[in-house]
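Breakdown of the fold
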Amino acid sequence: MKILVTGAAGFIGSHLAERLCGRGDQVVGFDNFDGFYPRAVKERNLSLLRRSDSFSLVEGDLTAPGDLARAFTAAGGKVDMVVHLAALAGVRPSLAQPQRYADVNVTGTLNVFEACRKRGVHKVVFASSSSVYGADSTVPFKESDPCARPLSPYAATKKAGELLAYSEHHVHGTGITCLRFFTVYGPRQRPDLAIAKFTRLMAMGKQIELFGDGETSRDYTWIDDIVDGVVASIDQISRESTGRYRIYNLGGCKTTTLKGLVDLISSALGKEPRIAWKAEQAGDMKHTHADVALATEQLGYAPKMNISQGIDQYVRWWCAQHAAELKEQGIRIDTLPYRSPELVG
Ligand code: NAD
């Protein structure tokens, strides 16, 4: 297949693109290297892909329809499917910039649907989020929950994306699957997310800030499990001649408290945390927990990684990536080296 992946330079997008190229698909990536975190990090995410003949990247902005048109042209022939991952992600920053989030996540998503329609592309996978479960949901979250009370602008934009996807499907018959990812982690995790942030600060001997009482909990999902779910969705839609609208939760299915997470990172690093306790943050959810029965039944989705092994692998990867920096600062960490897939072979 020829697949256009928006957000391909990001955390999830780069892993997905690698998997797709690895199995023989052609991937055209689209990304504007948004400044939410450094371009250098995203360039590193792409380093393996840049060496593949099956991958090309178009630099452009979702909010500019002309940029999206360039991506379809660069594909040089009909695109079979679009996986739309590009977005401004993150709950807390959305409180300060709701307009930007709406421009990129709502208008940008609409632009993707329009661009697909104009070129006869009738199959789309859209990255939604566990954040759509708000004040009217109780754990474990089910796809049938109303999700009408989002707790942050980010959550509202993801819900808006799902609603626009439904209307696109209804009016034009496009097959669209919305995937609600639950806190994804693993090598290349976005630097703003808790595991990446805590690992860096704790490794460097710095203080970490914990919001609330430490009993908030998250359903953490290992990156390879998420990619398995996305690929299963791609394959499901590609087999169908009639477009359907679907929503699936993709989670790890187990929950970990904030305090438990810090303990796991601390033991993987062999370092005691220095904690500054802060008040709960507006927009944060207290608990997330995915019911993945639907994805299991219809996609064969079965998350495999348990959190303590996952944190251990993440910490090893992080230390391997930052070995020079740690050495420069005279910091010694007793973890076994991580052999990242990029370094193998
Ligand atoms: P990421 O920030 O690493 O990747 C997103 C990519 O989109 C970035 O490379 C960025 O440059 C690009 N982008 C942003 N604005 C753009 C624009 N206007 N035009 C073109 N490209 C643009 O984030 P991620 O963690 O890989 O998340 C991928 C998707 O999954 C997002 O839609 C996010 O909302 C969703 N999601 C992620 C998580 C998670 O835990 N990581 C959880 C739920 C949902």
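Below, the structure is looked at part by part. Please read these numbers as outputs of a predicted model, since none were measured by experiment. (Residues numbered from 1 in each chain as written. Predicted model: local features only at pLDDT ≥ 70, side-chain atom pairs only at ≥ 80, totals over all residues. Heavy atoms only, no water.)

**Describing the overall build of the chain**
Along the chain, the regular secondary structure elements total 12 helices and 13 strands. Taking 345 residues into account, the globule formula puts the C-alpha radius of gyration at 20 Å, and the chain, at 20 Å, falls close to it. For the C-alpha atoms alone, the extent of the chain along its principal axes is close to 55 × 45 × 40 Å. Taken over 345 residues, the chain has a buried fraction of 51%. (Helix = DSSP H or I, 4+ residues; strand = E, 2+ residues; numbered from the N terminus. Rg over C-alpha atoms; globule rule 2.2 N^0.38 Å. Buried < 20%, exposed > 50% of the residue type's maximum accessible area, 1.4 Å probe, protein only.)

**Structural notes on the site of the ligand**
Near the ligand there are 30 residues, and of these Asp31, Tyr37, Leu85, Tyr154 and Val184 occur at the shortest range. Side-chain polar atom of Asn32 to a nitrogen atom of the ligand: 3.3 Å apart, as the coordinates give it. Computed on the free molecule, the ligand has an accessible area of 820 Å², of which 97% lies beneath the protein chains in the complex. Elements represented by at least two residues in the shell around the ligand include exactly α1 (11-22), β2 (26-31), β5 (123-129) and α6 (153-172). Examining the composition of the shell around the ligand, we find that 3 residues originate from one element, β5, more than from any other. Here the shell around the ligand is built from residues that sort into 17 nonpolar, 7 polar and 6 charged. (Near = heavy atom within 4 Å. Polar contact = N/O pair within 3.5 Å; in protein donor to acceptor, adjacent residues only side chain to side chain. Areas by Shrake-Rupley, 256 points an atom, 1.4 Å probe, with all protein chains shown as cover. Nonpolar A, V, L, I, M, F, W, Y, C, P; charged D, E, K, R; others polar.)

**Section: the pattern of salt bridges**
In total, this model carries 21 salt bridges according to the counting rule given. Among the ionic pairs, Glu18 bridges to Arg188, the shortest N-O distance being 2.8 Å. In this pair, Glu18 is assigned in helix α1 and Arg188 in the loop between β7 (184-185) and α7 (194-203), connecting sequence segments 170 residues apart. Judged by its relative accessible area of 6%, Arg188 is buried. (Salt bridge = Lys/Arg side-chain N within 4 Å of Asp/Glu carboxyl O.)

**Observations concerning the environment of Thr199**
Structurally, the position occupied by Thr199 is in helix α7. For the pair Thr199 and Arg50, spaced 149 residues apart in sequence, the C-alpha to C-alpha distance is 28 Å. Residues in contact with Thr199, not counting those within four places in the same chain, are Ile265, Leu269, Tyr314, Val315 and Trp318. (Contact = heavy atoms within 4.5 Å.)

**Let's talk about the sheet that holds strand β1 (residues 2-6)**
What the 7 strands build is an open sheet, ordered β3-β2-β1-β4-β5-β6-β11; its pairing is parallel. In this open sheet, the two strands that pair with only one neighbour each are β3 (55-59) and β11 (245-250). Averaged over all neighbouring strand pairs, the angle between strand axes comes to 20°, with direction disregarded. By the bridge criterion, 4 bridges tie β1 to strand β4 (residues 81-84) in an arrangement that is parallel. The residue bridging Leu4 from the neighbouring strand is Val82, located in β4. (Pairing = 2+ DSSP bridges. Axes fitted to C-alpha atoms, helices over the stretch in contact; angles between N-to-C directions.)

**Some points on the state of the cysteines**
Per the stated rule, a full pass over the model turns up 0 disulfides. Of the cysteine sulfurs around Cys147, a residue in no disulfide, the closest is that of Cys178, at 11 Å. When its relative accessible area of 1% is taken as the criterion, Cys147 is described as buried. (Disulfide = S-S within 2.5 Å.)

**Regarding helix α5 (residues 98-118)**
Counted at 1.5 Å a residue, the expected span for α5 with its 21 residues is 30 Å, and the 29 Å between its end C-alpha atoms agrees. Taking the largest bend as the criterion, α5 deviates by roughly 25°, centred on Gly108. Of the positions making up α5, those classed as buried are Tyr101, Val104, Asn105, Gly108, Thr109, Asn111, Val112, Phe113, Ala115 and Cys116. Those residues of α5 that are buried are in contact with α3 (65-74), β4, α4 (91-96), β5, α6 and β6 (175-181). Gly120 occupies a position one or two residues after α5 and carries a positive phi of about 70°. (Expected span 1.5 Å × (residues − 1). Bend = angle between axes of the 7 residues up to and from the residue.)

**What about unusual backbone geometry?**
The residue after Val139, namely Pro140, is reached through a cis peptide bond having omega -5°. Position of Pro140 among the secondary structure elements: in the loop between β5 and α6. The phi dihedral of Cys253 falls on the positive side, at around 80°, and the residue is not glycine. Examined against the element boundaries, Cys253 turns out to sit in the loop between β11 and β12 (255-257).

**What to know about the packing of aromatic side chains**
Counted under the stated rule, the structure contains 9 aromatic pairs. Plain terms: the ring middles of Tyr133 and Phe182 are 6.2 Å apart, the flat faces sit at 35° to each other, and that makes the pair tilted. Note that Tyr133 is positioned in the loop between β5 and α6 and Phe182 in the loop between β6 and β7, a separation of 49 residues in sequence. Taken together, a centroid distance of 5.2 Å and an interplanar angle of 70° make the contact between Tyr185 and Trp222 edge-to-face. Taken together, the residues Tyr185 in strand β7 and Trp222 in strand β10 (residues 221-222) connect sequence positions 37 residues apart. Given the relative accessible area of 0%, Tyr185 is considered buried. The lysine or arginine in question, Arg39, covers the ring of Phe33, its NZ or CZ lying 3.8 Å from the ring centre. Above the plane of the ring of Tyr37 lies Lys42, whose end atom (NZ or CZ) is 4.4 Å from the centre. (Phe/Tyr/Trp six-rings, centres within 6.5 Å; stacked < 30°, edge-to-face > 60°. Lys NZ or Arg CZ within 6 Å of the ring centre and 35° of its normal.)

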